[in-house]
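# Overview (structure and organization)
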Amino acid sequence: MCGRASFSLSCRNIAAAIVWLMCLAIFGVAHAQENFPSRPVRIVIPYSPGSVTDVFARIVAQNMAAQWNGSIVVESKSGANGSIAAEEVARAAPDGYTWLLVTTFFTASPALDPKLRWEPVRDFIPVGQICRAPNFFIVPVSLPVWSVADYVALAKAKPGTLNYSHPGKGSTGHLGFELFKRLAGIDVTAIGYRGYPQMVPDIASGLITSTFLSANQALAQVQTGAIRIIGAISDGRSKYFPDAPTMAQQGFADAQVTPWFGVVVPAGTPQPVVDRISEHWTKRLPHRTCSSVSTPPDASPRARRSSSSPTLSRPTSRCGRKWLRKPA
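This write-up is about the structure you can find in this document. All values reported here derive from a predicted model rather than from experimental measurement. (Residues numbered from 1 in each chain as written. Predicted model: local features only at pLDDT ≥ 70, side-chain atom pairs only at ≥ 80, totals over all residues. Heavy atoms only, no water.)

## Describing the pattern of salt bridges
Opposite charge on two side chains lets them pair, provided their charged atoms get close. Within this structure, the stated rule accounts for 10 salt bridges. For Asp54, the salt bridge is made with Arg58, and the minimal N-O distance between the two is 2.9 Å. Of this pair, Asp54 and Arg58 both sit in helix H2 (residues 52-68), four residues apart, roughly one helical turn. According to the relative accessible area criterion, Asp54 is buried, its value standing at 7%. (Salt bridge = Lys/Arg side-chain N within 4 Å of Asp/Glu carboxyl O. Helix = DSSP H or I, 4+ residues; strand = E, 2+ residues; numbered from the N terminus. Buried < 20%, exposed > 50% of the residue type's maximum accessible area, 1.4 Å probe, protein only.)

Quick look at the structure:
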């Protein structure tokens, strides 16, 4: 009897200890979430330093860190059209301290690469969208074209001789130009780069004969006299380049693919942490980031909380295959 009583008492003690430890763990998690962030946050960008994603990431880092009186660092993991960065963040601890800045590649990649080792909906939770920033149809000044019609005429007169550059498959520079090619019925060779900064010297020299370039990159090159803008890929004319008609005004309304930028965190991140980030995101980020003078030219503020973020929409993730399908 004594042995049975001792065994029963030991079982109750073990059970009580387990419950106590579970309570401590729950309290510890709740305390950590309530005090988030208590250490530096890392924003991983999928392209090289100096790219548009890098610019947005640093603006976000500066303003979010100011709100939290904390530290946010930006780290570039370029390559494989964003997959290197996406895989790293997908494998990171789901604690809210590792973010991934995403753009079109994030939703287009699953449609372009069936062997992808990450999946937008399965592996990530959206935090919010930052903004949209239009691209511009760029040619070097050495190319004798001054409008989209001129470019199409030259491409049809010399099929296969012109080329265009893009910062990776699935980017707006890639999908947008492929869509334009299909609508225009032209043959132009695609040349992939690791990012926009690597493309710019070859565009300026004339080695690359066209590209879709972001506003801040285009502004710098226009000022040097190295490139010419022949079209704005936006709803209306740019205040920075008012003489450049939109693609719609030049007969290509369906060729408008506008880059968007957002942030996601690894799947499994506690909802209270996601909510805390999103709350700060929508309260002050639109005013401090997207409307600030440091925002890239022509960027349109679209800061949204995770529940309304379009970054993980399934229809968007399938658009790459639709756009790249060859005409019958």
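## Focus: the side chain of Thr53
As for its position among the elements, Thr53 is in helix H2. Overall, the relative accessible area of 2% leaves Thr53 in the buried class. Look past the residues within four positions of Thr53 in its chain and what remains in contact with it is Ile45, Pro46, Tyr47, Leu101, Thr103 and Phe261. (Contact = heavy atoms within 4.5 Å.)

## With respect to the pairing of strand E2 (residues 72-76)
As judged from the five bridges shared by strand E1 (residues 41-45) and E2, these two strands associate in the parallel manner. In the strand pairing of E2, Arg42 is matched with Val73. You can see the chain leave E1, run along H2 and come back into E2, and the turn it takes is right-handed. (Pairing = 2+ DSSP bridges. Right-handed = clockwise from strand over helix to strand, strands pointing away.)

## Topic: the packing of aromatic side chains
One pair of aromatic rings is described through two measures. These are the centre distance and the angle between the planes. The final tally for this structure, using the stated rule, is 21 aromatic pairs. Judged by centre distance (5.5 Å) and plane angle (70°), the ring pair of Phe137 and Phe177 falls under edge-to-face. Highlighted residues: Phe137 in strand E5 (residues 135-140) and Phe177 in helix H7 (residues 172-184), separated in sequence by 40 residues. The exposure class of Phe177 is buried, given its relative accessible area of 0%. Look at Phe137 and Phe212: their rings are 5.2 Å apart centre to centre, the planes differ by 70°, and that puts the pair in the edge-to-face class. Of this pair, Phe137 sits in strand E5 while Phe212 sits in strand E8 (residues 211-214); the two residues are 75 residues apart in sequence, bridging distant segments of the chain. In this pair, the class of Phe137 matches that of Phe212, namely buried. (Phe/Tyr/Trp six-rings, centres within 6.5 Å; stacked < 30°, edge-to-face > 60°.)

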